[in-house]
Amino acid sequence: LENRWYNCFKGEINNMRVLLAGGAGYIGSHTAVSLIEAGHEVVIVDNYDNSCAEAIARVEALTNTQIPHYEVDVKDKAALDAVFKKEPVDCVIHFAGLKAVGESVEKPVAYYRNNIDTTLTLLEVMKENHVNQIVFSSSATVYGAENASPLYETMKKGTCTNPYGWTKWMMEQILSDAAYADKDLSVILLRYFNPIGAHPSGTIGEDPQGIPNNLMPYVSQTAIGKRECLTVFGGDYDTPDGTCLRDYIHVCDLAEGHVKAVEYAQTRKGVDIINLGTGTPYSVLDIVHAFEKANNLKLNYKIGPRREGDLAVCFSNADKAKEVLGWQAKRNLEDMCRDSWNWQKQNPNGYKK
Ligand code: NAD
Ligand code: UFG
């Protein structure tokens, strides 16, 4: 069996079946496309708390496949177990979580309850159903403010500045402890940097509810006229142009990183931490100007005060992903800006008609 999975990793067998918890969301839907394109099968479980079934219908149309999908809360152990019994899988990718930093400060208990509980329930149900591989959506936020960029996986985790970040920090710990106790378990902790962009078809993308918190949806909603003006949070940071630096990564690159991660998960046991970033920092103003150039438009923006909790600089060292997964981001900032705008233009109200 080991050998079979090794061959799979080498690209000689392409028949894994992967359960995507939270697979109707932004990153999950793009990962579903990449997995199917790589010859794998997917099963999706989502409670549509921050997504909708239309995203899955779009993935099905893009890939010309039918995806078994279930409206299930991952915290509901009996319902999750029923899916595992009905749909045997080799591996789980755990995307299911609440992710709005500001909201997590207002509703910490809801964030701890949902994010920690989904992780515990998944681990229990996986064990009972003999599924031993899990790939987890972690975040660069676990490096905290103590570590200076470029951020390496070998650095000690830092202090988080909000409950959302702490849930990621704690879930990494829970998964690591589980793997220490259960030597059959294979855990890959993927630390994402800043995913932006959309599938080039423009049929799936990020669909935030209400006023966007994140930069790229705010930029594209400003460009289309849904928001009047982008506020750049802080112009007086100690960076080349005074605005914050981040490691923006095209969501399709990120999705392809997950394909490599699930394939790699079959070949080893224990815990591996892997950054998924490009390793190249861009400023907020770089994003504004790249968006204007790639899409030949003018963006209404102003420099405003800093946002509480923002780090001046946050970017990855992306060497480990290259060495261990053979993966590296391929798409550039222009691709990210063009594809974000293409999605926004084709879906001015997101998945709502
Ligand atoms: P998303 O909100 O689009 O996707 C998360 C999905 O999980 C949604 O479809 C939501 O309905 C579902 N979900 C939440 N709680 C659930 C539950 N209890 N049961 C079933 N489904 C549930 O977010 P995303 O941007 O696709 O992020 C995916 C994961 O990656 C999240 O865990 C997020 O914290 C993490 N992450 C995201 C970013 C980012 O910038 N987008 C950065 C770092 C980490
Ligand atoms: N920004 C603006 N104006 C906006 C929105 C954002 O200037 O309207 C700036 C922010 O100040 C920051 C940059 O754009 O400098 C990126 O901000 P995002 O909110 O898009 O992303 P963050 O880097 O703050 O947060 C992301 C993820 C979190 C994760 C965090 C950790 O959204 O889930 O990275 O690195 F926890």
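Cut-offs used in this document
Residues numbered from 1 in each chain as written. Chains lettered and ligands numbered in written order. Predicted model: local features only at pLDDT ≥ 70, side-chain atom pairs only at ≥ 80, totals over all residues. Heavy atoms only, no water. Helix = DSSP H or I, 4+ residues; strand = E, 2+ residues; numbered from the N terminus. Rg over C-alpha atoms; globule rule 2.2 N^0.38 Å. Buried < 20%, exposed > 50% of the residue type's maximum accessible area, 1.4 Å probe, protein only. Contact = heavy atoms within 4.5 Å. Areas by Shrake-Rupley, 256 points an atom, 1.4 Å probe, with all protein chains shown as cover. Pairing = 2+ DSSP bridges. Axes fitted to C-alpha atoms, helices over the stretch in contact; angles between N-to-C directions. Near = heavy atom within 4 Å. Polar contact = N/O pair within 3.5 Å; in protein donor to acceptor, adjacent residues only side chain to side chain. Core = buried A, V, L, I, M, F, W, Y, C linked by side-chain atoms within 4.5 Å. Salt bridge = Lys/Arg side-chain N within 4 Å of Asp/Glu carboxyl O. Phe/Tyr/Trp six-rings, centres within 6.5 Å; stacked < 30°, edge-to-face > 60°. Lys NZ or Arg CZ within 6 Å of the ring centre and 35° of its normal.

Chemist: In this structure, what is going on with the overall build of the chain? I would like to understand it.
Modeler: Looking only at helices and strands, one finds twelve helices and 14 strands in the chain. Computed over its C-alpha atoms, the radius of gyration of the chain comes to 19 Å, within 12% of the 20 Å expected for a compact globule of 353 residues. When the backbone C-alpha atoms are referred to their principal axes, the chain occupies close to 55 × 45 × 40 Å. The buried share among the 353 residues of the chain stands at 54%. For the chain, the proportion of contacts with a sequence separation of at least 24, taken over those separated by at least 6, is 79%. Carbon and sulfur atoms provide 50% of the accessible area of the chain, an area that totals close to 15300 Å².

Chemist: Got a minute to help me understand the sheet that holds strand β6 (residues 186-192) in this structure?
Modeler: Note on sheets: strands pair through backbone hydrogen bonds, and any given pair is parallel or antiparallel. Taken in spatial order, the seven strands line up as β3-β2-β1-β4-β5-β6-β11 in an open sheet, and their pairing is parallel. The open sheet terminates on both sides in strands that have one partner only, identified here as β3 (69-71) and β11 (270-276). Between one strand axis and the next, the sheet turns through 15 degrees on average, direction left out of account. Here seven bridges tie β6 to β11, and the two strands are oriented parallel to one another. Its bridge partner lying in β11, S186 is registered against G270.

Chemist: What's the story with the site of ligand 1 in this structure? I'm lost.
Modeler: Surrounding ligand 1, one finds 28 residues, the nearest of these being I27, D46, N50, S51 and K99. The contact in question runs from an oxygen atom of ligand 1 to an N or O atom on the backbone of Y26, over 2.9 Å. Taking Y164, its side chain carries an N or O atom lying 2.9 Å from an oxygen atom of ligand 1. Coverage of ligand 1 by the protein chains reaches 95% of its 820 Å² of free accessible surface. Elements supplying a minimum of two residues to the shell around ligand 1: α2 (26-37), α6 (108-128), β5 (133-139) and α7 (163-181).

Chemist: In this structure, what is going on with the nonpolar core? I would like to understand it.
Modeler: If you look at soluble globular proteins, the nonpolar side chains tend to sit buried side by side. Core analysis: the largest hydrophobic core is formed by 42 residues, its most contacted members being L20, V135 and L276. Top contributing element to this core by residue count: helix α9 (residues 251-265), with eight residues. Ranked by size, the runner-up nonpolar core spans 27 residues in total, among them V74, V83, V187 and L189.

Chemist: For this particular structure, what's the right way to read the site of ligand 2?
Modeler: Residues in close proximity to ligand 2 total 19 residues, the closest being L215, T231, F233, R246 and D310. For ligand 2, a nitrogen atom lies 2.8 Å from a polar atom in the backbone of T231. D310 is positioned such that a nitrogen or oxygen atom in its side chain is 2.6 Å from an oxygen atom of ligand 2. Protein chains shield 88% of the accessible area of ligand 2, which is 690 Å² for the free molecule. When contributions to the shell around ligand 2 are tallied by element, the ones reaching two or more residues are α8 (215-223) and β8 (230-233). Here the shell around ligand 2 takes four residues from β8, the largest share from any one element.

Chemist: I keep staring at helix α3 (residues 53-63) and nothing clicks. Help me out?
Modeler: Structural remark: α-helix, 3.6 residues per turn; residues separated by three or four positions point the same way. By the burial criterion, the buried members of α3 are A55, I56, R58, V59, E60 and T63. Turning to α3, the residues buried within the fold contact α2, β2 (41-46), β3 and α12 (333-346).

Chemist: Looking at this structure, I do not really get the pattern of salt bridges. What am I missing?
Modeler: Side-chain pairing between opposite charges can occur once the charged atoms of the two side chains come close. A full pass over the atoms with the stated rule returns 24 salt bridges. Ionic pairing is found between R331 and D253, a salt bridge with its closest N-O pair at 2.6 Å. Here R331 is found in the loop between α11 (319-325) and α12, whereas its partner D253 is found in helix α9, with 78 residues between them in sequence. On the basis of relative accessibility, which here comes to 24%, the residue R331 falls in the partly exposed class.

Chemist: Could you clarify how one ought to interpret unusual backbone geometry in this entry?
Modeler: Glycine aside, a negative phi is what most residues show, and trans is what most peptide bonds show. At the junction of S149 and P150, the peptide bond is cis and its omega measures out at 5 degrees in the coordinates. Checked against the element boundaries, P150 lands in the loop between β5 and α7. Backbone geometry places H130, a non-glycine residue, at a positive phi of 60 degrees. In this structure, H130 sits in the loop between α6 and β5. Phi is positive for N296, close to 55 degrees, though the residue is something other than glycine.

Chemist: What exactly am I supposed to notice about the sheet that holds strand β12 (residues 282-283) here?
Modeler: Strand order in the open sheet formed by three strands is β12-β9-β14, with mixed pairing between adjacent strands. The sheet is open, and its two edges are formed by β12 and β14 (313-314), each paired on a single side. One ladder, built from two bridges, connects strand β9 (residues 245-246) with β14; its direction is parallel. By the bridge assignment for β14, L245 is matched with V313.

Chemist: Would you explain the packing of aromatic side chains in this entry?
Modeler: Here the distance between the centres and the angle between the planes together describe a pair of aromatic rings. Evaluation of the coordinates by the stated rule reveals four aromatic pairs. Ring geometry for F291 and W341: centres 5.8 Å apart, planes at 70 degrees, overall edge-to-face. Linking F291 in helix α10 (residues 284-295) with W341 in helix α12, this pair joins segments that are 50 residues apart in sequence. Here F291 and W341 have matching classes, each one buried. A centroid spacing of 5.1 Å and a plane angle of 55 degrees characterise the contact between W343 and Y351, whose relative ring orientation is tilted. When sorted by exposure, W343 lands in the same class as Y351, which is buried. K157 extends its terminal NZ or CZ atom over the ring of W169, reaching a point 3.8 Å from the ring centre. Across the ring face of Y180, the terminal group of K183 is positioned such that the distance to the ring centre comes to 4.2 Å.

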